[in-house]
Amino acid sequence: GGGDVPAGGAPSGDMKDYCQPGKKKDYSEGDVVEALWSRDTSMWYRATVTSCNADGTYGLKYSDGRTDVGTKPKSMRHLAGFQEKAWVEARWMGGDQWYVAQVMKINKDGSYNLNYPDDGMLEDNVDPDLIRLATETVGPTHPTDGDAVCVAKKAVDGV
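The structure displayed is predicted, hence computed values, not measured ones.

Trainee: Looking at this structure, I do not really get the pairing of strand β4 (residues 67-71). What am I missing?
Mentor: For a regular strand, the rule is simple: side chains alternate between the two faces of the sheet. As paired strands, strand β3 (residues 58-62) and β4 are joined by three bridges and run antiparallel to one another. Residue pairing across strands places Lys-61 opposite Thr-67, the latter belonging to β4. Counted between consecutive antiparallel strands, the loop separating β3 from β4 contains four residues, among which Gly-65 sits at a positive phi close to 100°.

Trainee: Even after reading the chapter, I still don't get the pattern of salt bridges, so can you show me in this structure?
Mentor: Between side chains of opposite charge, a pair can form as their charged atoms come close. Counted according to the given criterion, the structure contains four salt bridges. One salt bridge connects Glu-34 with Arg-77, and the closest N-O pair in it is separated by 2.7 Å. Taken together, the residues span a long stretch of sequence, with Glu-34 in strand β1 (residues 32-36) and Arg-77 in strand β5 (residues 76-78) at a distance of 43 residues. Judged by its relative accessible area of 27%, Arg-77 is partly exposed. Of the charged contacts, one joins Glu-89 and Arg-132 as a salt bridge, the two residues approaching to 2.4 Å between their closest N and O atoms. Taken together, the positions of Glu-89 in strand β6 (residues 87-91) and Arg-132 in strand β10 (residues 131-133) put the pair 43 residues apart, joining distant regions of the chain.

Reading the values: the criteria
Residues numbered from 1 in each chain as written. Predicted model: local features only at pLDDT ≥ 70, side-chain atom pairs only at ≥ 80, totals over all residues. Heavy atoms only, no water. Pairing = 2+ DSSP bridges. Helix = DSSP H or I, 4+ residues; strand = E, 2+ residues; numbered from the N terminus. Salt bridge = Lys/Arg side-chain N within 4 Å of Asp/Glu carboxyl O. Buried < 20%, exposed > 50% of the residue type's maximum accessible area, 1.4 Å probe, protein only.

Here's what the structure looks like:
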C-alpha cells in the first residue's frame, strides 16, 4: 500500500530511493563521509553512515567512536578518497596543524604518500584520517623557523 514501510526502513513513495547511491546528496549505509557534528558545526569530521532514517536524516558513527542519530544531508559531504596529484591538507606527523600537500602515491593499505611543497618534505604511509580536501584556509604559506615542519626539515637536511 501507499504508506507501507519496506524492509529497508524508508517509507514508500517519494522517499523510497532516498538512501540509494547515485544522487548528489544521497548516502547509503556504510558510506564514508565527512559531517558537521551536531555539537561543533565549524569542523568536518570523518564518519560512517550507520542508518538511513525515514525522516531523511542519517545515523553516523564518527572515527573517534562518537555517534549521531539525526544528521541532515546538508551537514554531510561525500568522501571518496584522494587521487594521485590531488591537492590536500594534511597533519604532518599527526600534529595539530594542517599543511598543504600533494598526493604522490596511494598505497595498497589505503594510506598515502604526500609531498609538502612549502618546504619539500615527504611523508609516507599517512593515514587518511590525517588528510582532508584542500580549502582556502590553509596554514602557514610562509613557514617560520619555529614551525614543526621547518624544524624537522632542518634536522633531515643537517642544517
